[in-house]
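Okay, here's what each chain looks like letter by letter:
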Amino acid sequence: MTATRQRLIGLIRKEFLQVWRDPSSLAIAFVMPVFLLLLFGYGVSLDAKRVPIGLVVVAPSAETAALTTGFEQSEYFRSRYFPDMPAAAAALQAGEINAIVNLQDDFDRRLHGTEPAPIQLILDGVDANTARLVSGYVLGVWDRWLNARAESRGLRAVRPVQLRNRVWYNSALRSRNFWCQA
């Protein structure tokens, strides 16, 4: 046997005897992981519910009302209407809301035309996990609305809206900028 191998076997034997002599190390090795698994499995929820969002509807119509009703009826959102984007942006800056859903003035016209109908989603990226969840929830409301709209017309759902992500803060997406103000 080589000297390195003998030292390794000796170290393993010494640590095994130490763990066997000290019952607290057995608890740390076996009981603590089970306890933490139960605690985090049942006690910690990463779901975001009742997230405050701002809805900006520049030109109200039956279509925009149907879409915004989806946000109002969702358990994931607490909707608040704003008359224009500057008011909603101020609320986002103040931390009163976590996202803005903006339906622009040509939304209804584009929805019934051949062009894609743009919908703007602006997220507060301070908490990246919540921002991702809110983005997914908004897409879920949007999907449900598109499916219901298509079904009411006897059609298959078509995606006339293009979603484009734009990062306002930390556009380079450097993780260092999320952790420190450098």
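Turning to the overall build of the chain, a few remarks are in order. Within the chain, the secondary structure is distributed over seven helices and four strands. Along the chain, from the amino end to the carboxyl end, the secondary structure elements read α-α-β-α-β-α-β-α-β-α-α. Among the 182 residues that make up the chain, the fraction classed as buried is 26%. A separation of at least 24 residues holds for 61% of the contacts in the chain among residues at least 6 apart in sequence. Just so you have it, the chain exposes about 12,900 Å², and 59% of that area is on carbon and sulfur atoms.

You will see that Arg50, though not glycine, has its phi angle at about 60 degrees, which is positive. Structurally, the position occupied by Arg50 is in the loop between helix 2 (23–43) and strand 1 (51–57). We classify Arg50 as partly exposed; its relative accessible area is 47%.

Right, let's get into the pairing of strand 2 (residues 77–82). Summarising the sheet, strand 1 and strand 2 pair through six bridges and their orientation is parallel. Residue pairing for strand 2: Ile53 is matched across the bridge by Ser79. Each parallel crossover has a hand, and for strand 1 linked through helix 3 (residues 62–73) to strand 2 it is right-handed.

For Thr64, the position within the fold is in helix 3. Beyond its immediate sequence surroundings of up to four residues, Thr64 is in contact with Val57, Ala59, Leu103 and Phe107.

Evaluated as defined, the whole model comprises seven aromatic pairs. The interplanar angle of 25 degrees and the centroid separation of 4.1 Å between the aromatic rings of Tyr76 and Tyr137 together place this pair among those described as stacked. Of this pair, Tyr76 sits in the loop between helix 3 and strand 2 while Tyr137 sits in helix 6 (residues 128–152); the two residues are 61 residues apart in sequence, bridging distant segments of the chain. On the accessibility criterion, Tyr76 (24% relative accessible area) is partly exposed. Judged by its relative accessible area of 16%, Tyr137 falls in the buried class.

Viewed as axis vectors pointing N to C, helix 3 and helix 6 meet at an angle of 135 degrees, and their least axial separation amounts to 9 Å. In terms of orientation, helix 3 and helix 6 fall into the oblique class. In the crossing of helix 3 with helix 6, the sense of the turn from one axis to the other is right-handed. Contacts from Glu63, Ala66, Leu67, Gly70 and Phe71 of helix 3 reach helix 6 at Val138, Val141, Trp142, Trp145 and Arg149.

Attention now goes to the nonpolar core. Ile53, Leu67, Phe71, Phe77 and Phe107 are the most contacted members of the largest nonpolar core, which totals 22 residues. Mapped onto this core, the elements with two or more residues apiece are strand 1, helix 3, strand 3 (99–103), helix 5 (107–112) and helix 6. Broken down by element, this core gets its largest block of residues, seven residues, from helix 6. Ignoring sequence-local partners within four residues, the contact set of Phe77 consists of Arg50, Val51, Ile53, Phe71, Val134, Tyr137, Val138 and Val141. Formed by eight residues, the second largest nonpolar core is a distinct cluster that contains Val56, Phe82, Ala88 and Ile100.

We now examine a nonpolar patch on the surface. Taken together, the side chains of Met32, Phe35, Leu36, Leu39 and Phe40 make up a nonpolar region of the molecular surface, amounting to roughly 470 Å² of accessible area. Counting through the fold element by element, Phe40 comes out in helix 2.

Here we come to the environment of Leu123. The residue Leu123 is located in strand 4 (residues 119–123) in this model. As a C-alpha pair, Leu123 and Ala99 span 24 residues in sequence and 4.4 Å in three-dimensional space.

With that out of the way, let us pick up the side chain of Glu63. Position of Glu63 relative to the elements: it lies in helix 3. Polar side-chain contacts of Glu63 include one of 3.3 Å to the side chain of His112. When neighbours within four sequence positions are excluded, Glu63 is seen to be in contact with Asp108, Leu111, His112, Trp145, Arg149 and Arg153.

The rules behind the values
- Residues numbered from 1 in each chain as written.
- Predicted model: local features only at pLDDT ≥ 70, side-chain atom pairs only at ≥ 80, totals over all residues.
- Heavy atoms only, no water.
- Helix = DSSP H or I, 4+ residues; strand = E, 2+ residues; numbered from the N terminus.
- Buried < 20%, exposed > 50% of the residue type's maximum accessible area, 1.4 Å probe, protein only.
- Contact = heavy atoms within 4.5 Å.
- Areas by Shrake-Rupley, 256 points an atom, 1.4 Å probe, with all protein chains shown as cover.
- Pairing = 2+ DSSP bridges.
- Right-handed = clockwise from strand over helix to strand, strands pointing away.
- Phe/Tyr/Trp six-rings, centres within 6.5 Å; stacked < 30°, edge-to-face > 60°.
- Axes fitted to C-alpha atoms, helices over the stretch in contact; angles between N-to-C directions.
- Parallel < 35°, antiparallel > 145°, perpendicular 65-115°, else oblique.
- Left-handed = near helix turned anticlockwise from the far one by under 90°.
- Core = buried A, V, L, I, M, F, W, Y, C linked by side-chain atoms within 4.5 Å.
- Patch = residues over 30% accessible without salt bridge, like charges linked within 9 Å, V, L, I, M, F, W, Y side chains within 5 Å.
- Salt bridge = Lys/Arg side-chain N within 4 Å of Asp/Glu carboxyl O.
- Polar contact = N/O pair within 3.5 Å; in protein donor to acceptor, adjacent residues only side chain to side chain.

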